[in-house]
Amino acid sequence: MNTELPSELLTELRKAKRVAVLTGAGISAESKIPTFRDAMTGLWASFSPEDLATPEAFARNPRMVWDWYAFRREMCAKALPNPGHLALAELETRFEEFTLTTQNVDGLHQRAGSRRVLELHGSITRVKCADTGRLLEGEIPACDNPPPRHPQTGGLLRPDVVWFGEALPERALLESARAALSCDVYFTIGTSALVYPAAALPIEALKAGATVVEINPTETPFSNTASYSLRGKAGEVLPALLAALQG
Ligand code: OAD
């Protein structure tokens, strides 16, 4: 890793009681999960996310939307958590309070061992009834003409992700905002800092007096505002940070 870890940051982290984190697609890049737009390749190259990730698209062509998510679900299931996910799971155990908010739907934080994860955009690992929102428990039923139907409600199944035009889960958003406003140190990792309301969280944390640390190999619109902007891959910077704290 080329990035020097500032000693003042390490001192602040050693004293910190409350830490909050926001992650985006970049934390999963080293697990080879393509970002939303990068996933529009091969069979799906002629579509835009708006063609596939809206309630209107599902109403128009549920089969196509289901197949696209089934393809991505399989990709996520095959991927493995990387050293960045694992370091965050380990960091969770070091602070009195640790809140991890993710914009990712891949479930990799939980698979890495993170216990308290707030999913702002839902999870591709779950499916729910498109009519009632009731989650499916257990395996997705086999079906000749997907999408399958929810065994209890009879409605078509859809992924439990937030589509364009849909509201974010209220509890996850509220708890993420509360953590941002009350933490000592806030990390924003692998996110382009462009998509609201998630992008507002580090700004709120900063306004409330937290030290805000960005981890990203490239500059973002937030880089100049952050207290520390660490240029590097999450899978390298986070393990180095953890090692420095343990040392
Ligand atoms: P983006 O794809 O917009 O940004 C990914 C960020 O990760 C970029 O700033 C990269 O520089 C950075 N990055 C790449 N590799 C990295 C690495 N190894 N370590 C750390 N950072 C790395 O993804 P998000 O900001 O997550 O919304 O996008 C936010 C939302 O926009 C997504 O959740 C999705 C999309 O519309 C919904 O699906 C509702």
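Higher on the page you've got the structure.
What counts and how
Residues numbered from 1 in each chain as written. Predicted model: local features only at pLDDT ≥ 70, side-chain atom pairs only at ≥ 80, totals over all residues. Heavy atoms only, no water. Phe/Tyr/Trp six-rings, centres within 6.5 Å; stacked < 30°, edge-to-face > 60°. Helix = DSSP H or I, 4+ residues; strand = E, 2+ residues; numbered from the N terminus. Buried < 20%, exposed > 50% of the residue type's maximum accessible area, 1.4 Å probe, protein only. Lys NZ or Arg CZ within 6 Å of the ring centre and 35° of its normal. Core = buried A, V, L, I, M, F, W, Y, C linked by side-chain atoms within 4.5 Å. Contact = heavy atoms within 4.5 Å.

Asks: So, the packing of aromatic side chains: which residues are in play, and what are the values?
Replies: In this structure the tally under the stated criterion is four aromatic pairs. Taking 5.6 Å as the distance between ring centres and 40 degrees as the angle between the ring planes, the aromatic pair formed by phenylalanine 58 and tryptophan 163 counts as tilted. Of this pair, phenylalanine 58 sits in helix H3 (residues 55-60) while tryptophan 163 is found in the loop between strand S5 (157-161) and helix H7 (170-182), placing the two residues 105 residues apart along the sequence. On the basis of relative accessibility, which here comes to 7%, the residue phenylalanine 58 falls in the buried class. Taking relative accessible area as the criterion, tryptophan 163 reaches 3% and is therefore assigned buried. Centre to centre, the rings of phenylalanine 95 and phenylalanine 98 are 6.4 Å apart; their planes meet at 15 degrees, and the pair counts as stacked. Judged by its relative accessible area of 10%, phenylalanine 95 is buried. Here arginine 72 stacks its cationic end above the ring of tryptophan 68, 4.7 Å away from the centre of that ring. One cation-aromatic arrangement involves arginine 73 over tryptophan 66; the distance from NZ or CZ to the ring centre is 5.1 Å.

Asks: Summarise the nonpolar core; cite the residues concerned and give the values.
Replies: Ranked by internal contacts, the top residues of the largest apolar core, which has 28 residues, are Leu13, Val19, Leu88, Phe187, Ile189 and Leu238. When residues of this core are traced back to their parent elements, those giving at least two are helix H1 (7-15), strand S1 (18-23), helix H5 (83-92), strand S2 (97-102), strand S6 (185-189), strand S7 (211-215), strand S8 (228-230) and helix H9 (234-246). The element contributing the most residues to this core is H9, with six residues. Leave out the neighbours within four places in its chain, and valine 19 touches Leu13, Phe95, Glu97, Phe98, Thr99, Cys183, Val185 and Phe187. Leu22, Ala172, Cys183 and Ala198 belong to the second-largest nonpolar core, a separate cluster that totals 17 residues.

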